2 protein chains.
Amino acid sequence: MKTRWPKAKRLPALRRAVEQDPFLTDEELAQRFGVSSQTIRLDRLELSIPDMRTRTRRVAEGAYRQLRAVHRREIVGELYQLERGVSALSVLNTSEDMVFEKSRVVRGHCIFAQAESLALAVIDAEVALTGVANIKYKYPVQVGQKLIARAEVTRRRQNKYFVAVRTQVDGREVFRAKFIMVSLTPGGEVL
Amino acid sequence: MKTRWPKAKRLPALRRAVEQDPFLTDEELAQRFGVSSQTIRLDRLELSIPDMRTRTRRVAEGAYRQLRAVHRREIVGELYQLERGVSALSVLNTSEDMVFEKSRVVRGHCIFAQAESLALAVIDAEVALTGVANIKYKYPVQVGQKLIARAEVTRRRQNKYFVAVRTQVDGREVFRAKFIMVSLTPGGEVL
DNA sequence: GCTGCATATATGACCAGCTTATAAGGGAAG
DNA sequence: CTTCCCTTATAAGCTGGTCATATATGCAGC
């Protein structure tokens, strides 16, 4: 960008730019908008956008928590209750990264991921995989809504666990799934 | 920590500390190990541990990629063929962020996400959502394996599309799903 | 034209958290 | 005692900022 962006256009564009890529320095932003870095700093001040290092740190911290959540506990969402082999409950706050751009509706596989990982958590096995799932999306979920998923083990046969998950938003069931989870026999087939 | 840690004990401890909390400055580490910050810097040099800002940036970038990869992308995997309303093909290279730590097996919802987003891509509609899915995981997928998903529209009834997706690894079918996709009536129910 | 004001840029001093290089002290081992 | 490693200190320079102050530019109204 060579031409100098006027302030009115620059401010919202600046906000979008750092949201999309938090790793941009003032210098880089200045070049992008054809102004000086000082102007960018004034703009940031006005929009209360913190500096690059702070932004980076925040992304890192947030993502770190999430990484731990995904890797350590292997639960998408936060686990609130767990009675092994019986039932479990997790909550997932839907955010901007989970939606379709056009419709602002939460992607199906995010809802699915919460349900599946809850189903995995609830069964009382060392290593397990999903075998079969029957799922139904009943209502679209908007970004920002809180997904409350309840899992219940309904049957168990040998190494197969039958788990039912129901997901609610504000008391309304938006999703339900029946899973058959299988304890893994290494290298072998799932079903 | 008041007592000065000897080098032999300090080095491995330093590595662990930084791994566990990448946000520690040299000054903080120095205090923790009862040495000067210069010593910490020499230690880092010896262990080739980058400085705090670099560590923070790396965590942020890695996590950012992961968030994007899992949540954001409209098509999970790469779209290779698309005949709107008829069939589509996508390829997903499985990576470290997709696996369970213990078993090194790719998470179910990653495979599901590829299939679902392919099913969405193949139907010829402006805005659409998943209504119902029947899915079956046949074999576990190891990290590094290439997932090839083929989607076919099998039926269409009003605003409902029936899509079958089969996912193969090296010619072996590891996953299959039947989706009923629904064009969205805004605010209304899905099914 | 000129004045006035918002916007924009420049300048200088300062900061954290480093890097690099150089120098120097202490303590155990030969 | 001397040597050598470990440790600390000191100074200069870097990035990516902060804050405060001064100056320049555009343009709108009179």
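Residues numbered from 1 in each chain as written. Chains lettered and ligands numbered in written order. Predicted model: local features only at pLDDT ≥ 70, side-chain atom pairs only at ≥ 80, totals over all residues.

A.B. asks: Outline the environment of B:M98, supporting the account with residue identities and numerical values.
C.D. replies: Residue and element names in this part refer to chain B. Structurally, M98 can be placed in the loop between β2 (87-93) and α5 (108-122). The buried category is assigned to M98, around which 21 C-beta atoms lie within 10 Å. C-alpha of M98 to C-alpha of G108: the two residues are 10 residues apart in sequence and 9.0 Å apart in space. Setting aside its immediate chain neighbours within four residues, M98 contacts V106, R107, C110 and V143. (Helix = DSSP H or I, 4+ residues; strand = E, 2+ residues; numbered from the N terminus. Buried ≥ 20, exposed ≤ 12 C-beta atoms within 10 Å, placed from the backbone. Contact = placed C-beta atoms within 7 Å.)

A.B. asks: Before we move on, could you go through the sheet that holds strand β3 (residues 128-137) of chain B and cite the residues and values that matter?
C.D. replies: Two modes of strand pairing occur in sheets, parallel and antiparallel, and in both the strands are linked by backbone hydrogen bonds. Spatial strand order, β1(A)-β2(A)-β4(A)-β5(A)-β6(A)-β3(A)-β3(B)-β6(B)-β5(B)-β4(B)-β2(B)-β1(B): 12 strands in an open sheet with antiparallel pairing. The strands lining the two open edges of the sheet, one partner per strand, are β1 (78-83) of chain A together with β1 (78-83) of chain B. Each neighbouring strand pair of the sheet contributes to a mean axis angle of 20 degrees, computed without reference to strand direction. Here strand β4 (residues 146-157) of chain B runs beside strand β5 (residues 160-169) of chain B; their pairing, made up of 9 bridges, is antiparallel. (Pairing = 2+ DSSP bridges. Axes fitted to C-alpha atoms, helices over the stretch in contact; angles between N-to-C directions.)

A.B. asks: Got a sec to walk through the confidence of the model for chain A? Specific residues and values, please.
C.D. replies: The predicted structure's coordinates, where accompanied by low pLDDT, should not be read in detail. Residue and element names in this part refer to chain A. Here chain A averages 84 in pLDDT, while 86% of its residues score no lower than 70. Per-residue pLDDT, averaged within each element of chain A, yields its smallest value for helix α4 (residues 52-73) (68) and its largest for strand β5 (residues 160-169) (96). Here residues 186-190 scores under 50 on pLDDT; set against residues more than four positions off or in separate chains, the count is 9 contacts. (pLDDT = per-residue confidence, 0-100.)

A.B. asks: Can you break down the protein's contact with DNA strand C residue by residue, with the values?
C.D. replies: Neighbouring residues of DNA strand C: 15 residues in total, closest A:V35, A:T39, B:T25, B:D51 and B:M52. Secondary-structure elements contributing two or more residues to the surface near DNA strand C are α3 (37-47) of chain A together with α2 (26-33) and α4 (52-72) of chain B. Per element, the largest residue contribution to the surface near DNA strand C is 3 residues, and it comes from α3(A). Here the surface near DNA strand C is composed, by residue class, of 4 nonpolar, 4 polar and 7 charged. (Near = placed C-beta within 6 Å. Nonpolar A, V, L, I, M, F, W, Y, C, P; charged D, E, K, R; others polar.)

A.B. asks: So what's going on with the pairing of β2(B)? Which residues, and what values?
C.D. replies: Residues and elements named next belong to chain B. Only one face of β2 is covered, namely the face carrying A88, S90 and L92; the face carrying S87, L89, V91 and N93 is uncovered. Sheet topology places β1 next to β2; 5 bridges connect them, and they run antiparallel. Across the sheet, residue Q81 finds its bridge partner in β2, namely L89. In textbook terms, the turn of a hairpin is the stretch between consecutive antiparallel strands, and for β1 and β2 this stretch comprises 3 residues, one of which, G85, has a positive phi near 80 degrees.

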